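Commentary on secondary and tertiary structure
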Amino acid sequence: MAMGRFVVYVCICNAVTDSQIIEAQQAGLSTMKEITEHLGVGNCCGRCVETAEEVLAQNSGVQKYIPSFDSPALVPA
Ligand code: FES
């Protein structure tokens, strides 16, 4: 008997699962901005953004955090 994969809710505010994020990514959405526009992930309380970014990164190898001019300065470790 094959074991299924568990589905995890990433964004509680919008009831979005990791599977939905992966499906959107496989359909061609590759950035957190695109995922937010398509699924609403992160558009309410924002607590899910880091986890959603991890789901994207784990399934694409895309950099988890892409700094912009609006981001706080990055401090080397
Ligand atoms: S849990 Fe995703 S916006 Fe609140």
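Please refer to the structure higher up on the page.
Given the structure is predicted, the values throughout are model-derived calculations rather than measurements.

Where helix H2 (residues 32–39) is concerned, the buried positions are Met32, Ile35, Thr36 and Leu39. Viewed along the axis of H2, the buried residues span an arc of 100 degrees, placing them on a single side of the element. Away from the buried face of H2 by more than 90 degrees, exposed residues Lys33 and Glu37 are located. For H2, the elements touching its buried residues are strand E2 (16–17), helix H1 (18–26) and helix H3 (49–58).

The next subject is the packing of H1 against H2. A pair of packed helices is captured by two measures, namely the crossing angle of their axes and the spacing between those axes. Following both chains from N to C, one finds H1 and H2 inclined at 115 degrees, their axes separated by 11 Å at the closest point. Regarding the angle of H1 to H2, the classification is roughly perpendicular. As H1 packs across H2, the resulting crossing turns out to be right-handed. Here H1 contributes Gln20, Ile21 and Ala24 to the contact with H2, which in turn contributes Ile35, His38 and Leu39. Here the contact of H1 with H2 is built from residues that sort into four nonpolar, two polar and no charged.

What counts and how
- Residues numbered from 1 in each chain as written.
- Predicted model: local features only at pLDDT ≥ 70, side-chain atom pairs only at ≥ 80, totals over all residues.
- Buried ≥ 20, exposed ≤ 12 C-beta atoms within 10 Å, placed from the backbone.
- Helix = DSSP H or I, 4+ residues; strand = E, 2+ residues; numbered from the N terminus.
- Arc of directions from axis to C-beta.
- Contact = placed C-beta atoms within 7 Å.
- Axes fitted to C-alpha atoms, helices over the stretch in contact; angles between N-to-C directions.
- Parallel < 35°, antiparallel > 145°, perpendicular 65-115°, else oblique.
- Left-handed = near helix turned anticlockwise from the far one by under 90°.
- Nonpolar A, V, L, I, M, F, W, Y, C, P; charged D, E, K, R; others polar.

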